[in-house]
Amino acid sequence: MFNTLQIWAFRDILRRPFESLLLAVTLTFAIATVGTLLLFPRAVYDTLTVVLKATPSIILRQVDPTGWRPLPIRESVQAATSVIGVVSVRPRIWGMVNGPDGPLTVMGVQQEGLPEILADPLTRLPAKGQAIVGWGIASHDPAGTLPLEGAIRQTYQVIHRLPEQTSMFTHDLVLLNPLDAQQLIGLPQGYASDLAIDVFHEDEQDAILSDLTAAFPWPVRCVTRRQSAGIYAGGFNRGRALGAITMIPAVLAMCLLVAVNTRKSMGRQSDLGIMKAMGWTTGDIIRLHLYRDLFVCLPSVALGSCLCFFLVYGPGADGLAGFFLGWDTLPPRLYLETKGAVTVLLEVAGVMVAPVMASALLPALKAATADVHELIEGAGRR
Amino acid sequence: MFWHPLLLAIISAQIVALLLLLAGSLTSLNTALHWQPLSADSRQLSLEARAEGVSIQGRAAFWLSVFSAVLLVFGITNIFAEDIPGAMCGTGVCQAMSPRGSTQLLLYTGLLLLLMQLWHEMDKLNRMLVEMPLTDITARLFLVIPAVAVLTLKQTYASFAGIRPHQPVDCCAVVYDQFTTLKHAKSILGLGDAFWISAFIVLSLALFSLSVALRTSMVDRPGIRGLHAIISCLWLPVASLTLVNIFSAYHYEVLHHHCPWCLFLPEHRLVGYPLYGALYVIGMEGFTLFMLPRLANQDITVYKKALDRCRRAANRITFAQLLFLIIAILPAIVWRLHYGVWMSG
Amino acid sequence: MMQVTYDRLDKAGYGLWAITLVTVLACVVITLLSLDTCRDARQITQRAIQTLALTTPTIIPSGRALRNADTVKPAIDLRHSPHLPLIHFSPEDLVISSLKPETGDIRSND
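Everything quoted here is computed from the prediction, not taken from an experiment. (Residues numbered from 1 in each chain as written. Chains lettered and ligands numbered in written order. Predicted model: local features only at pLDDT ≥ 70, side-chain atom pairs only at ≥ 80, totals over all residues.)

Asks: Teacher, can you tell me more about the packing of helix 4 (residues 99-128) of chain B against helix 10 (residues 272-295) of chain B here?
Replies: Between two packed helices, both the angle of their axes relative to each other and the distance between the axes serve to describe the pair. Residues and elements named next belong to chain B. It is the contact of helix 4 with helix 10, at a shortest axis distance of 10 Å, that shows an interaxial angle of 50 degrees. In terms of orientation, helix 4 and helix 10 fall into the oblique class. Classified by chirality, the crossing of helix 10 by helix 4 is right-handed. Across from Leu114, Gln117, Leu118, Glu121 and Met122 in helix 4, the residues of helix 10 making contact are Met284, Phe287, Thr288, Met291, Leu292 and Leu295. The class makeup of the residues in the contact of helix 4 with helix 10 is 8 nonpolar, 2 polar and 1 charged. (Axes fitted to C-alpha atoms, helices over the stretch in contact; angles between N-to-C directions. Helix = DSSP H or I, 4+ residues; strand = E, 2+ residues; numbered from the N terminus. Parallel < 35°, antiparallel > 145°, perpendicular 65-115°, else oblique. Left-handed = near helix turned anticlockwise from the far one by under 90°. Contact = placed C-beta atoms within 7 Å. Nonpolar A, V, L, I, M, F, W, Y, C, P; charged D, E, K, R; others polar.)

Asks: When you look at the environment of Ala364 of chain A in this model, what are you seeing that I'm missing?
Replies: All names here are of chain A. Structurally, Ala364 is set in helix 14 (residues 341-368). Owing to 27 C-beta atoms within 10 Å, Ala364 belongs among the buried residues under this scheme. Spatially, the C-alpha atom of Ala364 lies 6.4 Å from that of Ile286, the residues being 78 residues apart in sequence. (Buried ≥ 20, exposed ≤ 12 C-beta atoms within 10 Å, placed from the backbone.)

Asks: Explain the interface of chain A and chain C to me, please; I cannot follow it from the model alone.
Replies: Accessible area lost when the parts come together is the quantity often used to give the size of an interface. Listed as interface residues are 70 residues of chain A and, on the opposing side, 48 residues of chain C. Broken down by element, the side of chain A that touches chain C gets its largest block of residues, 10 residues, from helix 12 (residues 282-313) of chain A. Its residues assigned to classes, the side of chain A that touches chain C comprises 45 nonpolar, 19 polar and 6 charged.

Asks: Any chance you could explain the domain arrangement of chain A here in plain terms?
Replies: All names here are of chain A. Domain boundaries assigned for chain A yield domain 1 (4-51 + 233-381) and domain 2 (58-201). Inter-centroid distance (C-alpha atoms) of domain 1 to domain 2 is 49 Å. At the interface, 9 residues of domain 1 touch 10 residues of domain 2. Tallied by class, residues from the side of domain 1 that touches domain 2 come to 5 nonpolar, 2 polar and 2 charged. (Domains from an automatic or database assignment.)

Asks: Got a minute to help me understand the pairing of strand 7 (residues 145-149) of chain A in this structure?
Replies: A regular strand places its side chains on the two faces of the sheet in alternate fashion. Residue and element names in this part refer to chain A. Residues Leu146 and Leu148 point to one face of strand 7 and are all buried, whereas Thr145, Pro147 and Glu149, pointing to the other face, are not buried. Note that strand 7 and strand 8 (residues 153-161) share 5 bridges and pair antiparallel. In the strand pairing of strand 8, Glu149 is matched with Arg153. Count of turn residues in the strand 7/strand 8 antiparallel hairpin: 3 residues. (Pairing = 2+ DSSP bridges.)

Structure, rendered in structure tokens:
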């Protein structure tokens, strides 16, 4: 399977095993770091673009010069349903309140489909004073109560938890009875925070906006699904580019390391001279050195990529979520798509592997094309 | 400025390739000035060794350039659009770059690949013979390449620096604004679809038969090679125009969506890659077929090898053309058989 | 002397096999991790989103600016003309704008 030149090249590595091992370890960790920096936001981006397809087409809010205002439910539902192309209108009651471990998002629910997601047909919707909480909200109280503080301060009885698999959208969500939620957030009776509107055709999202704004007697602002996907996902993508830029000095340092290492091993130029005198061509010598560097690089690349895959798609993802996304409490469980991972491998190849291999090739070439006579004589003089 | 990790990878690969090219061009300059194959002094001997080094550097730079070009196309067609609001395919990305910037970028990349491919073929021929009779001319050719590589690198930076990631674009508007009336949409450069289809058929037949002919001993006749070059020069634009304006409708299943980039999207089964890949192969191999014997005519042994290479080029052109025809036309034929009419009526 | 050389080459051969094995194992792990194991989670998440009409992913903690990025107060957008482009501020632009050699065409909004 391996030809003599390759075995000879590996023998050359074994002559200086520690240097090669050091280089391999450095390369592995550099690739793992860069790869994780690139892969994690990519995976989150890909997953969000897939999952966000299920969100409502348009979110509509009432605005005034000071900012958001609650919407009167009856009038606004009437106005929205009068627009042609609107399939369903759902008022949403939600807001931010203080929980025991920091801010939480509270939502009032009346939807009948909820027990289906909980996979427990016996579950009822939260009644007054009851709450269904997301996976990330730890209950400190053994009785299962949750104190919340918004417009009022009240303690709720936790009756159920949302499944861990939905963590990406329900991690720190508290589902309450709509009346409870209104009181807690401070919404007047009969008012909602915003409207979730579904339209008949995906492409109509943008076209229908002007009709919607015209149908309301007060100023409103709409955010389409595409816009919010762009806001969430685009931010991640730019973030990862900035992260990658910070790694450029590390890559440069690595290239220098490789170049110095290659030069140093070229110090034994009498070897090269003898090889050439024995009939090795420049190509043979270069190939020997390329093999030598490849035998260090390839396993390092594979191990480094394996490490970053393990961190992002394997059990390491939770730790990364805590680190990258800023969770002080239990970070959400991420279920990430592997769709764009190939792009990241290509990026790693372009940003790291190509410069490293070139920095090995250039000094090797310089030494290999020198004159035989000079090589042997130079070695003798030293 | 538009920062995407893939763009960093492209620029990094281009810079590394440029460094290799620059390092090699110094030796190439020496070779071009002082190459004397008949003398055996120490300068000539060291030049010979270093010329071999340049060949290795050049090959590394060639593959890196191909890699960065592939990444560039992949990025424009499938990746960068996700960061530009309103862009759905490469058209949106090119629009965000400003039309001039994107055209120049693609032109420079193509020119760089063309020159490097020619150099690569010459170098391959050169290395087949012990005397390396083409070293002089490959060294001269090699000196041209770094200039184009610098331009490509500069243009890559300039084009992507022109993108403002938060300024929305409308790529469908660009595609549909090309024409104002339906009659306009059914014609290219004022000539109707029927003219272009017949031109495509005639040129395809001519190119195919010439390529088949060149696989035999007819490859030795410069006239036929010249004719082949002219026909492929005509065929390439006609094929790409008919592909975008006529055949693509059967892939998109929408009329008058004259977008060259949407073919690369996964929704259309990524057919853009084999289709444009075939066009690229025909362009490159056609150029090689025409130029190689002209540049390698000083030595009869090299000339023979060059002719062998030309035969292989003719072979590749034939297969690439068949691939192109099958992928481009098959959906149209299936449509016709299924519905009994052509899409354009 | 002969024997030593032989041993070293032999060791090199084994070493090559070892690194091949490591590389292949790493590739196998990568492939295993790339398999689509989260389809169930994706489906149930999508059902939850549809039922509860959710729009914001909870991957960033509540109370942070990025959490409800699409609902931040539209102070900038509430200007008198809808034709004005959005004002955008980002650190990249601060760094880069002085170096910008070429910009895209100015497009009209009509």
